[in-house]
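# Close look at the chain arrangement
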Amino acid sequence: MNEIEAIRARHSVRNYREQRIEQEKIGLLEAMIAECNEKGNLHLQFIEDAGKTFNKLLNKAMGLGSAPSVIACVGPDDELLAERIGYYGEKIVLYAQTLGLNTCWAGTFNPKNVMAEIRDGERLVIVIAIGYGQNAGKDHKSKTEDQVSKAKGERPEWFDFGVEMALLAPTAINQQKFEICLEEDGTVTFTDLGGVHSKTDLGIVRYHFEAGRDHIKAGGGR
Ligand SMILES: Cc1cc2nc3c(=O)[nH]c(=O)nc-3n(C[C@H](O)[C@H](O)[C@H](O)COP(=O)(O)O)c2cc1C
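Reading the values: rules and limits
Residues numbered from 1 in each chain as written. Predicted model: local features only at pLDDT ≥ 70, side-chain atom pairs only at ≥ 80, totals over all residues. Core = buried A, V, L, I, M, F, W, Y, C linked by C-beta atoms within 7 Å. Buried ≥ 20, exposed ≤ 12 C-beta atoms within 10 Å, placed from the backbone. Helix = DSSP H or I, 4+ residues; strand = E, 2+ residues; numbered from the N terminus. Domains from an automatic or database assignment. Contact = placed C-beta atoms within 7 Å. Nonpolar A, V, L, I, M, F, W, Y, C, P; charged D, E, K, R; others polar. Axes fitted to C-alpha atoms, helices over the stretch in contact; angles between N-to-C directions. Parallel < 35°, antiparallel > 145°, perpendicular 65-115°, else oblique. Left-handed = near helix turned anticlockwise from the far one by under 90°. Near = placed C-beta within 6 Å. Pairing = 2+ DSSP bridges. Right-handed = clockwise from strand over helix to strand, strands pointing away.

Let us look at the nonpolar core. In terms of nonpolar packing, the biggest core is built from 57 residues, with Val70, Ile71, Cys73, Val127 and Ile128 touching the most fellow members. Examining the composition of this core, we find that ten residues originate from one element, helix H4 (residues 81-98), more than from any other. The residues that make up this core include at least three from each of domain 1 (3-131) and domain 2 (145-217).

Another point: helix H6 (residues 157-167). Inspection of H6 places Phe159, Phe161, Gly162, Val163, Met165, Ala166 and Leu167 among the buried residues, and these make up the whole buried set. Buried-residue contacts for H6 involve helix H1 (3-9), helix H5 (145-148), strand S5 (149-151), strand S6 (178-182) and helix H7 (198-217).

Let's shift gears to the domain arrangement of the chain. Partitioning the chain into domains gives domain 1 (3-131) and domain 2 (145-217). The straight-line distance from the C-alpha centre of domain 1 to that of domain 2 is 23 Å. The partner domain 2 presents 17 residues to the 17 residues of domain 1 that form the contact. At the level of secondary structure, the elements contributing two or more residues to the side of domain 1 that touches domain 2 comprise H1, H4 and strand S4 (122-131). With eight residues, the single largest contributor to the side of domain 1 that touches domain 2 is H4. In the side of domain 1 that touches domain 2, the residues fall into eight nonpolar, three polar and six charged.

At a closest axis distance of 6 Å, the pairing of H4 and H7 adopts a crossing angle of 45°. Compared by their axis directions, H4 and H7 come out oblique. Once H4 is placed against H7, the crossing between them reads as right-handed. Here Ala82, Glu83, Arg84, Ile85, Gly86, Tyr87, Glu90 and Lys91 of H4 lie close against H7, whose contacting residues are Lys199, Thr200, Asp201, Leu202, Gly203, Ile204, Arg206, Tyr207 and His208. Classifying every residue of the contact of H4 with H7 by side-chain character gives six nonpolar, four polar and seven charged.

Surrounding the ligand, one finds 22 residues, the nearest of these being Ser12, Trp105, Thr108, Pro170 and Asn174. Elements with a minimum of two residues in the shell around the ligand: strand S3 (102-106) and H7. Looking at the shell around the ligand residue by residue, the classes come out as ten nonpolar, ten polar and two charged. Each of two domains, domain 1 (3-131) and domain 2 (145-217), supplies a minimum of three residues to the shell around the ligand.

Attention now goes to the pairing of strand S7 (residues 188-192). Inspection of the sheet shows S6 paired to S7 by five bridges, in the antiparallel sense. Pairing of Leu182 across the sheet is with Val188, part of S7. Linking two consecutive strands that pair antiparallel, namely S6 and S7, is a turn of five residues; a positive phi of about 90° is found at Gly186 within it.

For the rest of this paragraph, the subject is the pairing of S6. Across a regular strand the side chains alternate sides, sitting on one face of the sheet and then on the other. Side chains Phe178, Ile180 and Leu182 of S6 all project onto a buried face; the interleaved residues Glu179 and Cys181 project onto a face where none is buried. Direction of pairing for S5 relative to S6: parallel, over a ladder of three bridges. Bridge assignment links Lys150 to a residue of S6, and that residue is Cys181. One crossover worth recording links S5 to the parallel S6 by way of H6, and it is left-handed.

Its identity is not glycine, yet Asn41 carries a phi of approximately 50°, on the positive side. Checked against the element boundaries, Asn41 lands in the loop between helix H2 (23-40) and strand S1 (45-47). Owing to 14 C-beta atoms within 10 Å, Asn41 belongs among the partly exposed residues under this scheme. Phi angles above zero are rare outside glycine, and His197 is one such case at about 55°.

Listed below in structure tokens is the structure:
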């Protein structure tokens, strides 16, 4: 499964099987996490036993309590932290999908129960539940390309496909509060239109867009 296939196959999964993740896959995930930490100046951590991360009332109603493991999204607390976490966290989410695992970004969790190392000056922004889902999840209701993007000139195929991939991205409460704009000089700008966790959303959306753009530019089909 390549990254575009992973984008299409990924959905949030909130109910997990008891099966733990195999050590071999944990090793692969940890290698990917280490690479993302290096590139993104982050301190993301795989925590094999999710313990009581999801014991909040909302989790009891929505699920996630069955997730065997979590990725704690920690990093130096600067202005771009949440966006960087979105970008690199989604790279890991899509990689997990290619390994046959399921995930769910979760802003609702109990920070006291996350056994992550948080160094001075760092912040735990969000977690990602990870494991083998009881199901594969389902398609989310989506805005249209016109609602989330505009181009000051012609719309090349790589731009359209990037937007299509961005619309498949997970966003908090499925808000899709972003705008992608192709400027006259060919650069692409991403605007956060506000909302809960919208900075993390923006990083996730940018990752999806770039995967779509690069796929077309490398000669891939739609
Ligand atoms: C930043 C962020 C925070 C989220 N927080 C939660 C959460 O606390 N609980 C939950 O059940 N889902 C959470 N989600 C999952 C979204 O509800 C989900 O991505 C959205 O409904 C779209 O569905 P999909 O991921 O299946 O495409 C979150 C997603 C993102 C990106």
